[in-house]
Amino acid sequence: MTPLNLSHPWAVPTPPEDPSMWDPEEHYSRQQIQDLQYERLRWTLHHAYNNVPAYRQLYDDHGVHPNDFTSLNDITLFPYIDKAFLRASYPLKALAVPMKDIRRIHASSGTTGQPTVVAYTANDLKMWASLVARSFRASGVQPGHVIHNAYGYGLFTGGLGAHNGAEWLGCPIIPMSGGQTEKQIRMITDLKPDVILCTPTYLLALADGFVKAGIDPKDTSLKYGVLGAEPWTEGMREEIESLFDMKACDIYGLSELLGPGMGGEAVETQDGCHLWEDHFYPEIIDPISTEVLPDGQSGELVFSSLTREALPILRFRTHDLTTLRPGTARAGHRRMDRILGRSDDMIILRGVNLFPSQIEELALEIDALSPHFLLEITRPNRMDELTIKIERRATASLAEAEAGGQVLRARIKDRIGCSCNIDVVEPDTLARSSGKLRRIYDLRAL
Ligand code: DLL
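Residues numbered from 1 in each chain as written. Predicted model: local features only at pLDDT ≥ 70, side-chain atom pairs only at ≥ 80, totals over all residues. Heavy atoms only, no water.

### Topic: the overall build of the protein chain
(1) Moving on: Of the regular secondary structure elements, the protein chain holds 10 helices and 20 strands.
(2) Moving on: Its C-alpha atoms give the protein chain a radius of gyration of 23 Å, near enough to 22 Å, the size a compact globule of 446 residues would have.
(3) Moving on: Seen through its principal axes, the protein chain has C-alpha atoms that stretch 70 × 70 × 40 Å.
(4) Moving on: Put simply, the protein chain has 446 residues, and 53% of those count as buried.
(5) Moving on: Restricting the contact set of the protein chain to residue pairs at least 6 apart, pairs at least 24 apart contribute 65%.
(6) Moving on: Summing over all exposed atoms, the protein chain offers an accessible surface of approximately 20000 Å²; the carbon and sulfur share of this is 53%.
(7) Moving on: Within the protein chain, the 59 negative side-chain charges are centred at a point lying 4 Å from the centre of the 45 positive side-chain charges. (Helix = DSSP H or I, 4+ residues; strand = E, 2+ residues; numbered from the N terminus. Rg over C-alpha atoms; globule rule 2.2 N^0.38 Å. Buried < 20%, exposed > 50% of the residue type's maximum accessible area, 1.4 Å probe, protein only. Contact = heavy atoms within 4.5 Å. Areas by Shrake-Rupley, 256 points an atom, 1.4 Å probe, with all protein chains shown as cover. Lys, Arg positive; Asp, Glu negative; His and termini not counted. Charge placed at Lys NZ, Arg CZ, Asp CG, Glu CD.)

And the structure:
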């Protein structure tokens, strides 16, 4: 019998020593990125027009053709699309490749209507994993770090998207998914991960879970949080970083274009997500006039995919409101401010526009109030009324929390310009979520 050869008979690729060589486009200059964007947008326009009848119809109806695209600015010649475009192609009529080339299908939750189905080729999945890995590295995660992934697995892109990125980076990953808070506490305590991935509000729920189990969250092994999938504020970052004694960074994305990892925040600057512009072309538009706005002005994010094979997406209106700024830690890629909210989540109360993230920011300035709150809109006397239910902190007395509630009411009036009722409730009484937290309860139509 021939002796067993215990060394690997196949070659295992090793990443180059210099991490900047792993992913050269991450470090491209602005000019290099723009040159790449032009080439890749041109390819995407032709790919969509030639292979997706819905794009061909749309562009023919608008009298435009991919050949009209001769410089990056020409993208404005092409019409926007939105969820309705994808819904009309439900489930997968907008595929630009045959089904035999698809390797994964995901779907959005469909909270605002019928779910949107999205698909990926093998190349799409590789690109996705590499961008998630890039985002994680930017946020302080290193190969070899143990990652606890509490984003939901399944049709939601968060769980599997983050999972493949962690494997790409070379990290042991615990595929925990969302929910089962006690089990999460146990796994984190026993397996001692360095990194946690989940929504910011679920990390707060986990912090409560640790406290209930008699463990100070600071004493856990967690050193980095890569948090996203819902809006969160600087105040929330401070809360989380001090609760866990960790660095918490933002990660952004949406299923229609990819999933998590379209942008990630650099731990050294913590100044908003850099959008990975070698694969996505962002624009900011005025959501009413739809005019494209210059960098530095706030508006609605619109994205075009540059390399997606399965489902090319051109000028998709996200409804996410933010501002584009020059890159810092990754100078070739622009950054965005934290997402203020989705335009569909904007509350218009007697003419004043309001987002839950604005309430979060103000509430977290007040020591006696916790970040656990929800907004209820009612219409008692044919006048819209907003009530904010907010938990007092366990460390604050009822009287302190009531006084804090009055301060919050005054600040909302002063800084946002709207009147509301504040209902301070007991700790641990409002619903927690294991994923995206629902903050708005519109009870007017009931
Ligand atoms: O939430 C993808 C994701 C998973 C991102 C995990 C980050 C981490 P969707 O379910 O399609 O995909 O929801 C996309 O969520 O348009 C935003 O409104 C919101 N969103 C995602 N990331 C952030 C963030 C995933 N970092 C929608 N800040 C987007 C604020 C975010 N909002």
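### Here's the deal with the packing of aromatic side chains
(1) Moving on: What the rule picks out here adds up to 7 aromatic pairs.
(2) Moving on: Between Tyr-38 and Phe-69 the ring centres are 5.3 Å apart and the planes differ by 20°, which places this aromatic pair in the stacked class. A residue pair is termed long-range when its members are at least 10 positions apart, and Tyr-38 in helix α1 (residues 30–51) and Phe-69 in the loop between α2 (53–62) and α3 (83–88) qualify at 31 residues.
(3) Moving on: Taking relative accessible area as the criterion, Phe-69 reaches 2% and is therefore assigned buried.
(4) Moving on: Consider the rings of Phe-210 and Phe-244, whose centres lie 6.3 Å apart with planes at 85°: the pair is edge-to-face. Of this pair, Phe-210 sits in helix α7 (residues 200–212) while Phe-244 sits in helix α8 (residues 234–244); the two residues are 34 residues apart in sequence, bridging distant segments of the chain. The pair formed by Phe-210 and Phe-244 is uniform in burial state, with each residue classed as buried.
(5) Moving on: An aromatic cluster of at least three residues, connected via ring pairs, comprises Tyr-55, Tyr-59, Phe-78 and Phe-85.
(6) Moving on: In this structure, Arg-134 is placed above the aromatic ring of Trp-276, and the distance from its NZ or CZ to the ring centre is 5.0 Å.
(7) Moving on: Directly above the aromatic system of Trp-232 lies the positively charged group of Arg-237, at a separation of 6.0 Å from the ring centroid. (Phe/Tyr/Trp six-rings, centres within 6.5 Å; stacked < 30°, edge-to-face > 60°. Lys NZ or Arg CZ within 6 Å of the ring centre and 35° of its normal.)

### Description of the sheet that holds strand β18 (residues 385–392)
(1) Moving on: Here we have 4 strands laid out as an open sheet, ordered β19-β18-β17-β20, and mixed in their pairing. One side of each edge strand has no neighbouring strand; the edge strands of this open sheet are β19 (421–425) and β20 (440–442). Between one strand axis and the next, the sheet turns through 20° on average, direction left out of account.
(2) Moving on: Here β18 runs beside β19; their pairing, made up of 5 bridges, is parallel. Each bridged residue has a counterpart across the sheet, and for Ile-388 the counterpart in β19 is Ile-422.
(3) Moving on: The strands touched by helix α10 (residues 398–416) within the sheet are β17 (369–378), β18 and β19, with β19 carrying the most contacts at an inclination of about 155°. (Pairing = 2+ DSSP bridges. Axes fitted to C-alpha atoms, helices over the stretch in contact; angles between N-to-C directions.)

### Considering unusual backbone geometry
(1) Moving on: The amide bond that connects Tyr-90 to the next residue, Pro-91, takes the cis arrangement and shows omega of -5°.
(2) Moving on: With respect to the element layout, Pro-91 can be found in the loop between α3 and β1 (102–107).
(3) Moving on: The phi dihedral of Gln-270 falls on the positive side, at around 40°, and the residue is not glycine.
(4) Moving on: Here Gln-270 is to be found in the loop between β8 (259–265) and β9 (273–275).
(5) Moving on: The phi angle at Arg-382 is positive, at roughly 60°, despite the residue not being glycine.
(6) Moving on: For Arg-382, the location among the structural elements is in the loop between β17 and β18.
(7) Moving on: Its relative accessible area of 72% is what places Arg-382 among the exposed residues.

### Observations regarding the site of the ligand
(1) Moving on: Near the ligand you find 19 residues, and of these Asp-250, Ile-251, Ser-255, Asp-320 and Lys-436 are the closest.
(2) Moving on: Within the backbone of Ile-251, a nitrogen or oxygen atom sits 2.7 Å from a nitrogen atom of the ligand.
(3) Moving on: Within the side chain of Arg-342, a nitrogen or oxygen atom sits 3.2 Å from an oxygen atom of the ligand.
(4) Moving on: Contact with the protein chains hides 94% of the accessible area of the ligand, taken as 610 Å² for the molecule alone.
(5) Moving on: Those elements giving two or more residues to the shell around the ligand turn out to be α5 (157–169) and β7 (247–254).
(6) Moving on: The greatest single-element share of the shell around the ligand, amounting to 5 residues, is contributed by β7.
(7) Moving on: Its residues assigned to classes, the shell around the ligand shows 9 nonpolar, 5 polar and 5 charged. (Near = heavy atom within 4 Å. Polar contact = N/O pair within 3.5 Å; in protein donor to acceptor, adjacent residues only side chain to side chain. Nonpolar A, V, L, I, M, F, W, Y, C, P; charged D, E, K, R; others polar.)

### Digging into the packing of helix α6 (residues 181–191) against α7
(1) Moving on: Running from amino to carboxyl end, α6 crosses α7 at an angle of 75°, the nearest separation of the two axes being 10 Å. One way to sum up the angle between α6 and α7 is to call them roughly perpendicular. From α6, Thr-181, Gln-184, Ile-185, Ile-188 and Thr-189 reach across to α7, where they touch Tyr-202, Ala-205, Leu-206, Gly-209 and Phe-210.
(2) Moving on: Considered class by class, the residues forming the contact of α6 with α7 number 6 nonpolar, 4 polar and no charged. (Parallel < 35°, antiparallel > 145°, perpendicular 65-115°, else oblique.)

### Thoughts on the packing of α1 against α2
(1) Moving on: Their axes nearest at 5 Å, the elements α1 and α2 cross at an angle of 105°. What the angle tells us is that α1 and α2 run roughly perpendicular. When α1 is examined against α2, the residues Leu-45, Ala-48, Tyr-49, Asn-50 and Asn-51 are found in contact with a partner set consisting of Pro-53, Tyr-55, Arg-56, Tyr-59 and Asp-60.

### A short note on the nonpolar core
(1) Moving on: One finds Tyr-55, Tyr-59, Phe-136, Ile-147, Tyr-252 and Phe-303 to be the most contacted residues of the largest nonpolar core, which totals 70 residues.
(2) Moving on: What Tyr-59 contacts, discounting residues up to four positions off in sequence, is Leu-45, Tyr-49, Val-64, Phe-78, Pro-79 and Leu-314.
(3) Moving on: One finds Ile-347, Ile-390, Val-424 and Ile-440 within the second-largest nonpolar core, a separate group that totals 26 residues. (Core = buried A, V, L, I, M, F, W, Y, C linked by side-chain atoms within 4.5 Å.)

By themselves these figures say nothing about function.
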